[in-house]
Amino acid sequence: MGGDVKSKKPYDIHAFYTDTTLTIASAEFTKVTVSYADGTVDPGIAALKLPMRFPHRYSEEEQFVTGGTTAIIKSRRIQAEFPATVTRDEAFTLLIEGKFTKDDGTIIPFKIEEKYNISHDKSTQSWADFVSGCW
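For the structure given in this document, a descriptive report is provided here. (Residues numbered from 1 in each chain as written. Predicted model: local features only at pLDDT ≥ 70, side-chain atom pairs only at ≥ 80, totals over all residues. Heavy atoms only, no water.)

Remarks on the side chain of Arg-76
- Secondary-structure assignment places Arg-76 in strand S5 (residues 70-86).
- On the basis of relative accessibility, which here comes to 13%, the residue Arg-76 falls in the buried class.
- A distance of 3.1 Å separates a polar atom in the side chain of Arg-76 from the backbone oxygen of Ile-24.
- In this structure the side chain of Arg-76 is engaged in a polar contact, spanning 3.5 Å, whose partner is the side chain of His-56.
- Leave out the neighbours within four places in its chain, and Arg-76 touches Tyr-17, Thr-18, Asp-19, Leu-22, Thr-23, Ile-24, Ala-25, His-56, Arg-57 and Asp-103. (Helix = DSSP H or I, 4+ residues; strand = E, 2+ residues; numbered from the N terminus. Buried < 20%, exposed > 50% of the residue type's maximum accessible area, 1.4 Å probe, protein only. Polar contact = N/O pair within 3.5 Å; in protein donor to acceptor, adjacent residues only side chain to side chain. Contact = heavy atoms within 4.5 Å.)

Shown next as structure tokens:
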């Protein structure tokens, strides 16, 4: 308990998808690229064994609604992890391509491209303040 909390390279990439239609069976990732402003593609990607397939997990969450009652929200969640894929502390562009497969075999392709900027947080706070901010 106590001491500094720091991150260290290489960093992982996590992808989450929530399906409230309860029809998506899995996601397959066929391309994952991390590229920096100088055009370099991160070598951490080369270690991935693509394609990677991730099945859904069933989820139920209790949600409060008006009148003090609750409702159960059912969904399927797909969680993917790409370990050690960002090795530099610099802004990068993430490109992910793949496909969702529905229960009936229907394929839905997807492509996501997003730029991420890096910021360094040098602030300090007590352990109790840090933990209270996690909820």
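Considering the sheet that holds strand S7 (residues 107-116)
- Spatial ordering of the open sheet is given by S3-S2-S6-S7, a layout of 4 strands whose pairing is antiparallel. The open sheet terminates on both sides in strands that have one partner only, identified here as strand S3 (52-55) and S7. Across the sheet, the mean angle from the axis of one strand to that of its neighbour is 25 degrees, orientation sign disregarded.
- Note that strand S6 (residues 92-102) and S7 share 10 bridges and pair antiparallel. Directly across from Ile-96, in S7, lies its bridge partner Ile-112. (Pairing = 2+ DSSP bridges. Axes fitted to C-alpha atoms, helices over the stretch in contact; angles between N-to-C directions.)

A few points about the nonpolar core
- Core analysis: the biggest nonpolar cluster contains 21 residues, and Phe-29, Val-34, Phe-54, Phe-82 and Leu-94 have the highest contact counts within it.
- Contributions of two or more residues to this core are made by strand S1 (11-19), strand S2 (24-36), S3, S5 and S6.
- In terms of residues, this core owes the most to one element, S2, which gives 6 residues.
- Other than its neighbours up to four places away in sequence, Leu-94 contacts Ile-13, Val-32, Thr-33, Val-34, Ile-112, Glu-113, Glu-114 and Tyr-116. (Core = buried A, V, L, I, M, F, W, Y, C linked by side-chain atoms within 4.5 Å.)

Here's the deal with the packing of aromatic side chains
- A complete count under the given rule lists 8 aromatic pairs for this structure.
- Between the aromatic rings of Phe-29 and Phe-82, the centroid separation amounts to 5.2 Å while the plane-to-plane angle is 80 degrees, which identifies the pairing as edge-to-face. Taken as a pair, Phe-29 in strand S2 and Phe-82 in strand S5 lie far apart in primary sequence, 53 residues in all. The two residues Phe-29 and Phe-82 agree in class, both being buried.
- Each member of the aromatic cluster is reached from another via a ring pair, and the members are Tyr-17, Phe-29, Phe-54, Phe-82, Phe-100 and Phe-110.
- Lying across the ring of Tyr-36, Arg-88 places its NZ or CZ 4.1 Å from the centre. (Phe/Tyr/Trp six-rings, centres within 6.5 Å; stacked < 30°, edge-to-face > 60°. Lys NZ or Arg CZ within 6 Å of the ring centre and 35° of its normal.)

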